[in-house]
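# Topology and contacts: notes
In case you want the letters, here they are:
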Amino acid sequence: MTTLHDPLTIGSVELKNRIIMAPLTRGRAGSAGIPGELMANYYAQRASAGLIIAEATAVSPDGRGWLNSPGLFNDAQQAGWSTVADAVHQANGRLFVQLWHMGATVHPDFLDGEVPVSASSVRLDGVLTTPRGRDRELVAPRPLSVEEIGQQIRHFVNAARRAIGAGLDGVEIHAANGFLIDQFTRDSSNQRHDEYGGTIDKRLRFMREVIAAVCAELGADKVGVRLSPTNASWGINDSQYRHTFTQACRLLNTFGLAYLHLLEHRPGTDKAMAAMDYMTPLLRRHFDGPLLVNGGYCKASAQQALDDDLADAVTFGTPFIANPDLVERFATDSALADPRREFFYTPGAEGYTDYAPIA
């Protein structure tokens with residue numbers, strides 16, 4: 001029987017266990033988006049995970065719309081990520097970084113008043129904290145031109161190149177949660193009538209071209225992709241979601257990726273999408289490579305996912321915040337500490353690197 005503590009190979013990386021740290025936005029990179037010693041310490045503390053997928057990281061200035069989130073589009077940011085990679089590797093960990101463009105969810109406050117970009121001029125639902133205050137409502141974006149789409153693809157490639165240059169083990173392309181790639185994928189936000197909109201194939205074209213370009217730069221064995229087939233973040237949806245995401249999996253099979261990472265909450269859990277099908281079992285059958293699953297798992301349900309051949313590994317988000325030694329706690333059946341949510345996005349060490357290990 002495969003257990004959470006068994007090793008796993010994903011692409012070019014050997015993992016010591018199947019307990020993966022999910023990407024978690026924590027807002028500790030400062031206004032310039034540069035990871036520092038605090039972030040390096042945070043990730044090194046969690047290096048016992050089979051793999052750390054570091055937090056969503058902007059590939060370009062116009063894609064960065066979360067306060068104090070990191071970037072990977074200039075030399076200073078790359079140097080900061082090098083510090084993080086060194087710390088994780090010294091602790092015998094493995095580290096990918098999630099590459100991110102927020103698209104229509106970037107507020108103009110981050111863009112000197114300019115409107116954000118997306119697939120179409122569809123305003124998404126929601127508010128964000130910006131440099132000008134809390135609860136700033138999103139605005140209608142402007143559609144990217146075909147030429148600008150090519151520029152955005154190059155931003156992903158350049159960020160991926162910088163990630164490897166910084167010493168990270170690979171990258172995860174963020175194609176989930178209603179951000180730019182997902183805005184092209186879903187028909188609620190993609191209302192284009194050119195080669196990037198309309199049919200499922202055309203709506204998947206942007207994702208396909210980003211992945212192809214990044215794989216050509218790094219090798220597919222250093223590239224993972226995250227999808228969220230039933231996630232309704234920012235009010236986004238897809239009227240053909242079953243067909244869209246099964247087709248996406250068939251597309252991903254052509255690349256030989258290191259893994260596919262699915263965010264989907266299980267039926268019966270608090271965040272499950274009751275009005276939609278649970279897609280993970282179907283997508284497991286359609287994707288040929290290693291599958292990572294995420295969505296409110298505990299130790300028991302994660303082991304059950306392995307037993308049922310639903311996944312090859314399970315990613316944990318919130319449990320890793322208060323339990324940097326989560327792998328050891330699972331191994332010894334120790335109680336888990338609760339996170340202090342008031343410090344999820346604050347700038348300092350409190351509620352970030354000050355959680356105590358097992359007594």
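The following paragraphs examine the structure supplied in this document. Not measured: the values here are computed from a predicted model. (Residues numbered from 1 in each chain as written. Predicted model: local features only at pLDDT ≥ 70, side-chain atom pairs only at ≥ 80, totals over all residues. Heavy atoms only, no water.)

## Regarding the side chain of His107
Threshold: Each helix corresponds to a stretch of at least 4 residues labelled H or I by DSSP, and each strand to a stretch of at least 2 residues labelled E; elements are numbered beginning at the N terminus. Definition of a polar contact: a pair of N or O atoms within 3.5 Å, with one able to donate and the other able to accept a hydrogen when the atoms are protein atoms, and with sequence-neighbouring residues admitted only if both atoms are side-chain atoms. We call two residues contacting when some pair of their heavy atoms lies within 4.5 Å.
Residue placement: His107 occurs in the loop between strand S5 (95-100) and strand S6 (117-118). At 3.0 Å, the side chain of His107 forms a polar contact with the backbone nitrogen of Asp109. Apart from the residues within four sequence positions on either side, His107 is in contact with Thr130, Arg136 and Glu137.

## What to know about unusual backbone geometry
What counts here: Classification of residues uses two cut-offs on accessible area relative to the type maximum, computed with a 1.4 Å probe and protein chains only: under 20% is buried, over 50% is exposed, and between them is partly exposed.
Even without being glycine, Asp309 reaches a positive phi, approximately 55 degrees. Counting through the fold element by element, Asp309 comes out in the loop between helix H9 (299-307) and strand S14 (313-316). The exposure class of Asp309 is partly exposed, given its relative accessible area of 48%. In this structure, Asp333 takes a positive phi of about 55 degrees despite not being glycine.

## What to know about the nonpolar core
If you look at soluble globular proteins, the nonpolar side chains tend to sit buried side by side. Under the convention used in this document: For our purposes a nonpolar core is just a set of buried Ala, Val, Leu, Ile, Met, Phe, Trp, Tyr and Cys residues, chained together by side-chain atoms within 4.5 Å.
Core analysis: the largest hydrophobic core is formed by 87 residues, its most contacted members being Tyr43, Trp81, Val214 and Leu227. In this view, Tyr43 contacts Met21, Leu24, Ile52, Ala54, Glu55, Trp81, Val84 and Val88; residues no more than four positions away in its chain are not counted.

## Observations regarding the packing of aromatic side chains
What counts here: For Phe, Tyr and Trp, where Trp contributes only its six-membered ring, two rings pair if their centres lie within 6.5 Å, and the inter-plane angle classes them as stacked under 30 degrees, edge-to-face over 60, or tilted in between.
As enumerated under the stated definition, the model contains 11 aromatic pairs in all. On the basis of an interplanar angle of 85 degrees and a centroid distance of 5.4 Å, the ring pair of Trp100 and Phe179 is categorised as edge-to-face. Of this pair, Trp100 sits in strand S5 while Phe179 is found in the loop between strand S10 (170-174) and helix H4 (180-185), placing the two residues 79 residues apart along the sequence. This pair shows no difference in class: Trp100 is buried, exactly as Phe179 is.

## Observations regarding the sheet that holds strand S12 (residues 259-263)
The criterion, for reference: Whether two strands pair depends on DSSP finding at least two bridges between them. Helix axes are fitted to C-alpha atoms over the stretch in contact, other axes to C-alpha atoms as well, and angles between N-to-C directions run from 0 to 180 degrees.
Within the closed barrel, the eight strands sit side by side as S3-S4-S5-S10-S11-S12-S13-S14. Their pairing is parallel. On average, adjacent strands in this sheet sit at an angle of 25 degrees to one another, irrespective of strand direction. Relative to S14, strand S13 (residues 291-294) runs parallel, the two sharing two bridges. By the bridge assignment, Val293 is partnered in S14 with Val314. Helix H1 (residues 37-45) rests against strand S3 (19-21) and strand S4 (51-58) of the sheet, and its axis sits at about 150 degrees to S4.

## Some details on the packing of helix H3 (residues 146-165) against helix H6 (residues 205-218)
Packed helices, taken two at a time, are described by their axes: the angle between them and the distance between them. The criterion, for reference: Should the near helix be turned counterclockwise from the far one by less than a right angle, the crossing is left-handed, whereas a clockwise turn marks it as right-handed. Here the term charged refers only to Asp, Glu, Lys and Arg, the term nonpolar to Ala, Val, Leu, Ile, Met, Phe, Trp, Tyr, Cys and Pro, and the term polar to all other amino acids, Gly among them.
As a packed pair, H3 and H6 sit with axes 9 Å apart at the nearest point and diverge in direction by 35 degrees. Pair H3 / H6 crosses with right-handed handedness. Contacts from Ile149, Gln152, Ile153, Phe156, Val157, Ala160, Arg161 and Ile164 in H3 reach Phe206, Glu209, Val210, Ala213, Val214, Glu217 and Leu218 in H6. A breakdown of the residues in the contact of H3 with H6 according to their chemical character gives 11 nonpolar, one polar and three charged.

## Comments concerning the environment of Val225
Structurally, Val225 can be placed in strand S11 (residues 223-227). Measuring from C-alpha to C-alpha, the distance between Val225 and Ala176 comes to 8.8 Å, with 49 residues separating the pair along the chain. Apart from the residues lying within four places of it in its own chain, the contact partners of Val225 are Glu172, Ile173, Ala175, Ile211, Leu252, Leu257, Tyr259, Leu260 and His261.

## Observations concerning the packing of H1 against helix H2 (residues 75-90)
We apply this condition: Put simply, angles under 35 degrees are roughly parallel, angles over 145 are roughly antiparallel, angles from 65 to 115 are roughly perpendicular, and the rest are oblique.
Running from amino to carboxyl end, H1 crosses H2 at an angle of 30 degrees, the nearest separation of the two axes being 8 Å. By the criterion of interaxial angle, the relationship of H1 to H2 is roughly parallel. Read as a crossing pair, H1 and H2 show a hand that is right-handed. Where H1 abuts H2, its residues Glu37, Met39, Ala40, Tyr43 and Ala44 lie against Trp81, Thr83, Val84, Ala87 and Val88. Tallied by class, the residues present in the contact of H1 with H2 amount to eight nonpolar, one polar and one charged.

## Description of the pattern of salt bridges
Operational definition: When a carboxyl oxygen of Asp or Glu lies within 4 Å of a side-chain nitrogen of Lys or Arg, that pair is called a salt bridge.
The final tally for this structure, using the stated rule, is 15 salt bridges. Here Asp75 makes a salt bridge to Arg162, at a shortest N to O gap of 2.9 Å. Of the two residues, Asp75 is situated in helix H2 and Arg162 in helix H3; the sequence distance between them amounts to 87 residues. Of the residues examined, Asp75 reaches a relative accessible area of 58% and is grouped as exposed.

## Let's talk about the pairing of S14
Side-chain alternation along S14 places Ala313 and Thr315 on one buried face and Val314 and Phe316 on a second face that is also buried. Two strands pair when backbone bridges link them, and S3 and S14 are joined in this way by three bridges, in the parallel orientation. Following the sheet pairing, Ile19 is matched in S14 by Val314.

## Quick notes on H2
As a reminder, the rule being used: Here, expected helix span is obtained from the residue count minus one, scaled by 1.5 Å.
The end-to-end C-alpha distance of H2, which contains 16 residues, comes to 22 Å, matching closely the 22 Å that a straight helix rising 1.5 Å per residue would cover. Structurally, H2 contributes buried residues whose contacts are with H1, S4 and S5.

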